[in-house]
Amino acid sequence: MGRPGEPELPLDVRRRPGASDRSAVVVEAVLDALPSPTLLIDADGTVLLSNTAWDKAADALGDDRVRVGVDGDYFAMVRRLSGGAGTSALIDQLRALSRGEQASVQADYAVELPGGTHWIHLQASRVDQAGQVVVTHTDVTSRVAAERASDWRARHDTLTELPNRAHLHELIDAELQQPERGPVSVLFLDVDGFKDVNDSLGHDAGDALLRQIAARLTGSTRAGDTVGRLGGDEFVVLCRDCDTAGAETLADRCRASIDRPFDLGGRLVRLGVSIGIATAAESGSGVARLRSTDLVRDADLAMYAAKAAGRNRVRLFTADLRAAAQHKATVATELRAAVADGQLVLHYHPVLHLPSGRWTGVEALVRWQHPRRGLLAPGEFLPTAAQHDLMTPIARWVLRAATRQAAAWAAAGLRLVTSVNISARDVAAGTLVADVHEALTESGLPPELLVVELAERSVAEDVERTAAQFAELRRTGVEVSIDDFGSGFSSLGQLVAMPAGLLKIDRSLIAYPEGRRSQAAAAIAAVVALAQACGVRTLAEGVETPEQLAMAAELGCTFAQGFHLARPMPAGELAGWLAERAPSAVR
């Protein structure tokens with residue numbers, strides 16, 4: 001060490017035979033005790049000391065490029081291992097550290113060795129005013145590998161190994177933000193028929209199918225495109241430098257690849273795919289810049305248009321689709337308020353008991369008394385309600401309102417069996433029995449004056465759950481009806497297992513095409529016979545002509561309903577309407 005006030009001189013710490021400098025021995029001992037491979041270098045990168053861990057690491061790696069010892073050039077070794085701008089920047093930082101211009105240096109860098117890629121964490125500190133630097137090297141390959149694997153998992157779908165939703169949006173946004181790019185297209189694909197495969201063959205088969213779909217889509221796109229999975233059976237393709245015409249060509253290739261049969265354990269499965277396309281014009285085109293969420297949303301809207309057009313089709317996004325979506329969103333917002341504000345009303349469709357010719361019941365049908373648009377039929381708002389999870393609150397309102405009205409009629413001496421429609425969502429929620437019990441308790445309506453109806457297709461979605469809730473309802477005295485029977489092709493096993501007391505024969509059988517009366521009569525007779533064998537009554541719905549009414553009575557239907565007999569009407573008109581019609585007046 002120098003005297004006070006004198007410049008400090010570099011300490012001679014290089015190993016030499018017979019070296020006796022006590023300070024040098026201490027420094028050497030300290031470095032040698034460090035577990036990490038460590039070197040002491042001077043301002044020029046010359047190695048002054050190397051510890052035992054460094055020598056062992058060089059032997060273990062088996063690469064002569066890392067064999068640098070005392071008097072060797074450390075900077076030259078670093079350049080041999082990994083050249084480029086990053087290496088030059090690291091050496092510049094070490095030189096700046098030696099000059100006292102930095103407090104420390106830390107860096108992670110990759111080294112390609114015979115045994116594979118190693119990641120090294122370098123940490124350097126200045127020792128003295130002369131500019132000597134201690135450099136430690138820690139192998140962090142395992143840590144880096146774990147971090148990269150975790151990052152990969154966060155950005156990819158583990159089943160298909162495709163980019164996931166979050167990563168897809170990152171990639172699309174990055175592409176849209178390119179300053180001088182061509183047009184960018186997004187394909188939104190929804191597999192038609194996947195749910196049926198998943199339900200019938202099990203989730204393992206469904207997973208295998210998704211992997212096959214991912215491979216086919218990847219093989220159908222260009223090298224610069226990216227295929228990702230949003231979730232479920234929905235996929236997205238990012239098409240770089242691709243206009244609408246090119247995107248349509250890619251979509252047709254994707255659709256053709258899905259059209260080919262899939263082999264699932266020796267069982268061949270055929271599917272389709274509905275594809276929507278949205279395109280962002282090239283940069284500088286004067287069109288407002290889109291975000292990934294905008295482009296994917298537009299492609300999604302086009303995909304739904306493809307499904308609505310018959311599935312397994314390709315559709316392009318148009319501004320009209322966005323306007324329609326915005327209108328639906330507005331309707332959904334207004335509909336939520338309508339349920340709470342009392343804007344929903346019920347009309348009642350009379351039901352005729354054919355053997356007696358008496359009007360014995362009604363079906364409660366919901367309408368929306370919109371403050372600006374007037375009275376809206378169910379078809380104008382129920383599809384929107386289904387898309388925005390409003391069916392259950394609407395069904396509960398209908399159930400309470402219908403039971404209160406039926407109870408009021410009964411108190412006035414008019415005993416009418418009132419039918420209320422429910423949806424598959426009401427059954428899936430598991431609250432149907434409780435909801436019915438609450439409505440009956442609040443209204444005071446006898447349970448035998450209530451019928452709960454569920455469409456045949458909804459019954460087939462979950463036969464066991466539906467059967468259990470229907471059985472519980474019937475034990476309390478409430479009747480259960482299967483609506484639209486004959487439209488969903490239910491199996492006989494499902495019909496036998498379902499504890500229903502009434503089948504409503506679908507209007508597609510009742511309103512037979514011209515020249516097909518005998519075929520329609522045969523189908524109706526079969527349904528009636530089947531129902532009678534199961535102890536179930538039948539109702540012919542959609543009766544619109546005298547001939548259809550006569551056929552329903554001739555074939556043994558218990559009830560009939562339709563515009564030929566009566567149209568739905570407000571509760572206030574029903575009593576007067578019934579009073580004007582004696583049983584013998586029906587023709």
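This part is about the overall build of the chain. In terms of helices and strands, the chain carries 22 helices and 22 strands. For 587 residues, the compact-globule formula gives about 25 Å, and the C-alpha radius of gyration of the chain, at 39 Å, lies well above that figure. In the chain, which comprises 587 residues, the share counted as buried stands at 45%. Taking all contacts inside the chain whose residues are at least 6 apart in sequence as the whole, residues at least 24 apart take part in 62%. Here the chain has roughly 28800 Å² of accessible surface; of this, 52% comes from carbon and sulfur atoms. Mean positive and mean negative side-chain charge positions of the chain (61 and 75 charges, respectively) differ by 3 Å.

This part covers the pairing of strand E4 (residues 116–126). Within a regular strand, side chains alternate between the sheet's two faces. In this structure, strand E3 (residues 105–113) lies alongside E4, joined through 9 bridges in antiparallel fashion. Across the sheet, the residue bridging to Ala107 is Leu122, located in E4. Counting the residues that bridge the hairpin from E3 to E4 gives 2 residues. Where E4 lies against strand E5 (residues 133–139), 7 bridges are found, and the strand directions are antiparallel. Looking across to E5, one finds that Arg126 is bridged to Val133. The hairpin formed by E4 and E5 contains 6 residues between the paired strands, and Gly131 there has a positive phi angle of roughly 95°.

A few words on the nonpolar core. If you look at the biggest cluster of nonpolar residues, it comprises 78 residues, and the most contacted ones within it are Leu335, Leu346, Tyr348, Val436, Leu450 and Ile524. Looking at which element gives the most residues to this core, the answer is helix H13 (residues 391–411), with 10 residues. Excluding anything up to four places from it in sequence, Val436 contacts Leu399, Leu450, Val452, Leu473 and Val478. Core analysis: the next-biggest nonpolar cluster, separate from the first, contains 30 residues, Val227, Cys254, Ile275 and Ile277 among them.

So, on to the layout of surface pockets. By volume, the largest pocket is sized at about 900 Å³. Lining the largest pocket are 36 residues, with Leu365, Pro378, Leu382, Asn421 and Asp483 positioned closest to its centre. Those elements that provide at least two residues to the lining of the largest pocket are strand E14 (358–370), helix H12 (382–387), H13, strand E16 (417–422), helix H14 (424–429), strand E17 (450–455) and strand E18 (479–485). No other element matches E14, which puts 5 residues into the lining of the largest pocket. Classifying every residue of the lining of the largest pocket by side-chain character gives 18 nonpolar, 8 polar and 10 charged.

This part is about the environment of Asp42. Following the sequence through the fold, Asp42 ends up in the loop between strand E1 (38–41) and strand E2 (47–50). Asp42 gets classed as partly exposed once you look at its relative accessible area, which sits at 22%. Residues Asp42 and Arg95, spaced 53 residues apart in sequence, show a C-alpha to C-alpha distance of 9.2 Å. If near-sequence neighbours (up to four positions away) are discounted, Asp42 is found in contact with Leu48, Gly131 and Gln132. At 2.9 Å, the side chain of Asp42 and the backbone nitrogen of Thr46 are in polar contact.

Attention now goes to the packing of aromatic side chains. Aromatic rings in a pair are described by how distant their centres are and how their planes are angled relative to each other. For the structure shown, the criterion picks out 4 aromatic pairs. Ring centres of Tyr74 and Phe75 lie 6.3 Å apart, and the angle between their planes is 55°; on these two criteria the pair is classed as tilted. Note on accessibility: Tyr74 and Phe75 belong to one class, buried. An angle of 75° between the planes, with centres 4.9 Å apart, marks the rings of Tyr348 and Trp409 as edge-to-face. Here Trp409 lies in helix H13 and Tyr348 lies in strand E13 (residues 344–353), a separation of 61 residues in the sequence. Assessed through its relative accessible area of 7%, Trp409 is described here as buried. Directly above the ring of Phe563 sits Arg567, whose terminal nitrogen or CZ lies 4.1 Å from the centroid.

This part is about the sheet that holds strand E6 (residues 184–192). Two pairing modes exist for strands in a sheet, parallel and antiparallel, and in both the strands are linked by backbone hydrogen bonds. Across the sheet, which stays open at both edges, the 5 strands sit in the order E7-E8-E6-E11-E12 with mixed pairing between neighbours. Looking at strand neighbours, the two that pair on one side only are strand E7 (226–231) and strand E12 (314–316), the edges of this open sheet. Strand-to-strand twist of the sheet, defined as the mean angle between neighbouring strand axes without regard to direction, takes the value 20°. With 5 bridges connecting them, E7 and strand E8 (residues 234–239) associate as antiparallel partners. Counterpart to Arg229 in the pairing with E8 is Phe235.

On to the sheet that holds E2. Strand order in the open sheet formed by 5 strands is E2-E1-E5-E4-E3, with antiparallel pairing between adjacent strands. The open sheet terminates on both sides in strands that have one partner only, identified here as E2 and E3. The average angle at which neighbouring strand axes cross in this sheet is 25°, direction not considered. Strands in contact with helix H3 (residues 74–81) are E1, E2, E3, E4 and E5; relative to E1, the strand with the most contacts, it is inclined by about 130°.

Its 21 residues place the ends of H13 30 Å apart at the C-alpha level, agreeing with the 30 Å of an ideal helix rising 1.5 Å per residue. Gly413, located one to two residues past H13, shows a positive phi value of around 95°.

Along the chain, the position of His347 falls in strand E13. The contact partners of His347, leaving out residues within four places of it in the chain, are Glu363, Ala364, Leu365, Arg367, Leu375, Pro568, Met569 and Pro570.

Quick look at the pattern of salt bridges now. Throughout the structure, instances matching the rule amount to 28 salt bridges. Across the salt bridge formed by Lys195 and Asp199, the nearest N and O atoms sit 2.7 Å from each other. Within this pair, Lys195 and its partner Asp199 are both found in helix H7 (residues 194–201), separated by 4 residues, close to a single helical turn. The exposure classification of Lys195 matches that of Asp199, with both residues exposed. A cluster of three or more residues bridged by salt bridges with shared partners is formed by Arg291, Asp294, Arg297, Asp298 and Arg322.

For the pair helix H6 (residues 165–176) and helix H10 (residues 292–308), the least separation of the axes is 8 Å and the interaxial angle reads 110°. One way to sum up the angle between H6 and H10 is to call them roughly perpendicular. Along the contact surface, H6 presents His169, Ile172, Asp173 and Leu176, while H10 presents Ser292, Thr293, Leu295 and Val296. Each residue belonging to the contact of H6 with H10 can be placed in one class, and the counts come to 4 nonpolar, 3 polar and 1 charged.

What counts, and at which threshold
All chains use their own residue numbering, which begins from 1 and follows the written sequence. Totals for whole chains, interfaces and linings use every residue, but because this is a predicted model, local features are given only for residues with pLDDT of at least 70 and side-chain atom pairs only at 80 or more, for both listing and counting. The side-chain figures draw on all heavy atoms in the structure; neither hydrogens nor water molecules are used. Only DSSP runs of H or I reaching four residues or more are called helices, and only runs of E reaching two or more are called strands; each is numbered from the N terminus. C-alpha atoms define the radius of gyration in this analysis, and the globule rule sets the expected value at 2.2 Å times the number of residues to the power 0.38. Between buried and exposed lies partly exposed: a residue is buried under 20% and exposed over 50% of the maximum accessible area for its type, with that area taken using a 1.4 Å probe on protein chains only. Contact between two residues is taken to exist if any of their heavy atoms lie within 4.5 Å; hydrogens are not considered. Method for areas: the Shrake-Rupley scheme with a 1.4 Å probe, in which residue coverage is limited to the protein chains shown. Positive charges come from Lys and Arg alone, negative charges from Asp and Glu alone, with His and the N- and C-terminal ends not counted. Lysine's charge is taken at NZ, arginine's at CZ, aspartate's at CG and glutamate's at CD. Pairing between strands requires that DSSP locate at least two bridges from one strand to the other. Nine residue types can take part in a nonpolar core, namely buried Ala, Val, Leu, Ile, Met, Phe, Trp, Tyr and Cys, and a core is a set of them joined through side-chain atoms within 4.5 Å. Grid points spaced at 1 Å over the protein atoms alone were grouped into cavities, where a 1.4 Å probe fits but cannot get out, and pockets, open sets with protein on both sides within 12 Å along at least five of seven lines, with lining residues defined by an atom within 4 Å of a point. Grid points are joined across faces, edges and corners, and a volume is the space filled by probe spheres set on the points. When residues are sorted by character, Ala, Val, Leu, Ile, Met, Phe, Trp, Tyr, Cys and Pro go into the nonpolar class, Asp, Glu, Lys and Arg into the charged class, and all the rest, Gly among them, into the polar class. Distance and chemistry together define a polar contact, namely a pair of N or O atoms within 3.5 Å, with one atom able to donate a hydrogen and the other to accept it when in protein, and with adjacent residues in sequence counting only for side-chain atoms on both sides. Side-chain rings of Phe, Tyr and Trp, where Trp is taken by its six-membered ring, are said to pair if the distance between their centres is within 6.5 Å; with planes under 30 degrees apart they count as stacked, over 60 as edge-to-face, and otherwise as tilted. Look at NZ for Lys and CZ for Arg. If either is within 6 Å of the ring centre and within 35 degrees of the ring normal, a charge sits over the ring. In this description, a line fitted to the C-alpha atoms serves as the axis of each element, helices being fitted only across the stretch in contact, and the angle between N-to-C directions of two axes falls anywhere from 0 to 180 degrees. Helix span, expected: 1.5 Å multiplied by one less than the number of residues in the helix. Each reported salt bridge corresponds to a side-chain nitrogen of Lys or Arg within 4 Å of a carboxyl oxygen of Asp or Glu. Roughly parallel means an angle under 35 degrees; roughly antiparallel means over 145; roughly perpendicular covers 65 to 115; every other angle is labelled oblique.

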